[in-house]
Amino acid sequence: MASFLKTSSSSSSSSLPFGIDLSQVTPLHALFAALAVVAAMAIIAPDRYIFSSHRDGIPELPEVWPILGNLKFLLDVKSKRITLLNAALKYQRQVGKGGMPWGATFPALGGRITMINRPEYIRWVQKTNFENYIKGADFSRAMGDVMSTHGIFVADGEIWKKQRKMASHIFSVGNFRTHVQSTIQRDLATLNSLARDASSKNTQVNLPDLFFRFTLSSFSLMAFSAEIGCLPPAVEELSKAVKFADDFDYAQRVMDERFTDPFSTFTEPFSAQGRKMRKTIKDLHSFCYKIIDLRMEANSRGDAQGASGKGGKDLLALFMEQNLSREDLLPVVLNFLIAGRDTTAQALSWLFWEFYKKPECVERCRQEIHEKLGSGAGYRHMTYDDLGTLVYTQACLYEALRLHPSVPKNLKKAVKDDVIRPYAQPLDGSEKAPNAIESAKLPDLVIKAGESVLWSDYAMGRMPEVWGPDRPLEQALPSRPDSTLTDTFASISSIRLPRGTRTDCEEFKPERFIENNDDGSQSIKTYSQYLFHAFNAGPRLCLGQTLATYEGCAVVAELVGNFNVKFDEQAMRNDPPTFDDSLTLPVRNQYKVRFEARDD
Ligand code: HEM
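Residues numbered from 1 in each chain as written. Predicted model: local features only at pLDDT ≥ 70, side-chain atom pairs only at ≥ 80, totals over all residues. Heavy atoms only, no water.

Caption draft 1: Looking closely at the environment of Phe-287. Its place among the elements puts Phe-287 in helix 12 (residues 272–301). Separated by 47 residues in sequence, Phe-287 and Leu-334 place their C-alpha atoms 9.1 Å apart. If we ignore the near neighbours within four places in the chain, the residues touching Phe-287 are Ile-228, Phe-244 and Leu-337. (Helix = DSSP H or I, 4+ residues; strand = E, 2+ residues; numbered from the N terminus. Contact = heavy atoms within 4.5 Å.)

Caption draft 2: Representation of the sheet that holds strand 4 (residues 205–206). Pairing is antiparallel in the open sheet, where three strands are placed in the order 4-12-11. A single partner strand is all that each edge strand has here, and the edge strands are strand 4 and strand 11 (563–567). The pairing of strand 11 with strand 12 (residues 592–597) spans five bridges and is antiparallel. Bridged to Asn-564 within strand 12 is Glu-596. (Pairing = 2+ DSSP bridges.)

Caption draft 3: Focus on the packing of aromatic side chains. Enumeration according to the criterion identifies 25 aromatic pairs in this entry. Between Phe-319 and Phe-336 the ring centres are 6.3 Å apart and the planes differ by 55°, which places this aromatic pair in the tilted class. Of this pair, Phe-319 sits in helix 13 (residues 315–320) while Phe-336 sits in helix 14 (residues 326–357); the two residues are 17 residues apart in sequence, bridging distant segments of the chain. For Phe-319, a relative accessible area of 2% puts it in the buried group. Between the aromatic rings of Trp-467 and Phe-513, the centroid separation amounts to 6.3 Å while the plane-to-plane angle is 45°, which identifies the pairing as tilted. Taken together, the residues Trp-467 in helix 18 (residues 464–467) and Phe-513 in the loop between helix 20 (487–493) and strand 9 (514–516) connect sequence positions 46 residues apart. Looking at Arg-402, its charged tip hangs above the ring of Trp-467, at a distance of 5.1 Å from the centre. In this structure, Arg-462 is placed above the aromatic ring of Tyr-458, and the distance from its NZ or CZ to the ring centre is 3.8 Å. (Phe/Tyr/Trp six-rings, centres within 6.5 Å; stacked < 30°, edge-to-face > 60°. Buried < 20%, exposed > 50% of the residue type's maximum accessible area, 1.4 Å probe, protein only. Lys NZ or Arg CZ within 6 Å of the ring centre and 35° of its normal.)

Okay, here's the thing in structure tokens:
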């Protein structure tokens, strides 16, 4: 028996292919063998990630390594040598010249990504073949521990459908005229008192922070009937930080990094960032559990406050009717709180940055606001029904979102192999922006199962092939043409512009969103969802678009209608607002303003 065992073990030790006797293998042999394997792989994949494939006719990112493809790009993003958003725009102009799609391969996001910064492609992914493009494993891995794999922002299929259906009830028009409006107006009054207090004390206020407080306070009240107490009427109290907000800003940045960091799953359990993230998640969840527990206690006492107007219910009440457990309610509260807070506050922060650069737009807004809502003692808070009349104000908000989309990039994973055929689907005229440059016919795109398609609304807002040069090119041309070219214009029209010239679509022009009607009136110009894409499109179109539009315009009206907003010129010039890579588009170096109460 002993000799049988011995024979058997020695035979297994020498049973490698080609009769290699393992006992004779030295570490040096192993090293040579490994090098040979790597060399063979490098010959097979000299310019791509080994487990991916090239696509004919689709240009790819430069700086490619054998076997690992464009891993350097991801490492540069991770080390913050580049910001993903700026790099995506740069490569769109260089690699995807003329608004064409482009690709990259690396050991992340399914091995290969295809950038599809065009309405025609996005429509295919978000509508024509919607079922084939899901959030999938990358979203669960990057966001699941914070937002839950059952949260509306992470889930697919039936779980997503159920959440969406239930939530859509609170966004009904009836609800807006009652519950939503009264909540917003309550907080508008507080905002007004706060700005008046700051004005009388001549105190500077961090404007992006103020917007976060406003949206967090009003959304918590309208969706969960919860008083967060983060929007105080006295300016001194603004010095107290809102912990939930700080926690979520941190969590967002880490979640965003996880998408592009193929190693995060292995490093986070041991890193300081991972430790901080675990603590942050715990705190975020306990914040949400407090809201849930308060409601559950109220329910069990029989005095639930879930009213939302006449006989209506708030979001939490609607979900609680499904007999969901405390744990199942967590993703509802967290996902909606985040949806309701960040996006609108960021849109407002970027809008006021644009206002700083174009004070003439503030004057036009103010004129409209005074005309429609009154001024001085005669001013009244904006109602939901006023929305249709504040055309210029809404156009400013949408133009800020076009240039600074609150969700600046997004991706989907293909379930099965697919070919995106931009012209084999019903497109309509609204897909094309007025004056957009005619492109060459866009190529069909082969997408393999598991691969990702990406788009960047931030880049699209800056692409003349999507938003047009606006002015005839002769007018856009400088009087003294130079021999150096901008990539964008050069590629699409062979017209020469000095390096650094900004194309018109990079300019803040609210008029883009204004329709001059035959009867002399003006209304908001509607573009296809796939073109003005800041609110997403197709079956996953943002549920809160109307709420955000009303809330955003109401805040602008309250502040611009009643105050002069004084920016710190020197700070704005020396340290202009910029952004960090994150899931959304937060202003990094938040700016401060002074309010000056107007008496007109
Ligand atoms: C300016 C403000 C807003 C912008 C730009 C915006 C934009 C977006 C975008 C781009 C998405 C798609 C996200 C994804 O695919 O992961 C989205 C989804 C969503 N938004 Fe908004 N949003 C805004 C405000 C709001 C507000 C105030 C709410 C209120 C709760 C809200 C609720 C939602 C929900 C529930 C979804 C998920 C829809 C689904 O997947 O079916 N949004 N939004």
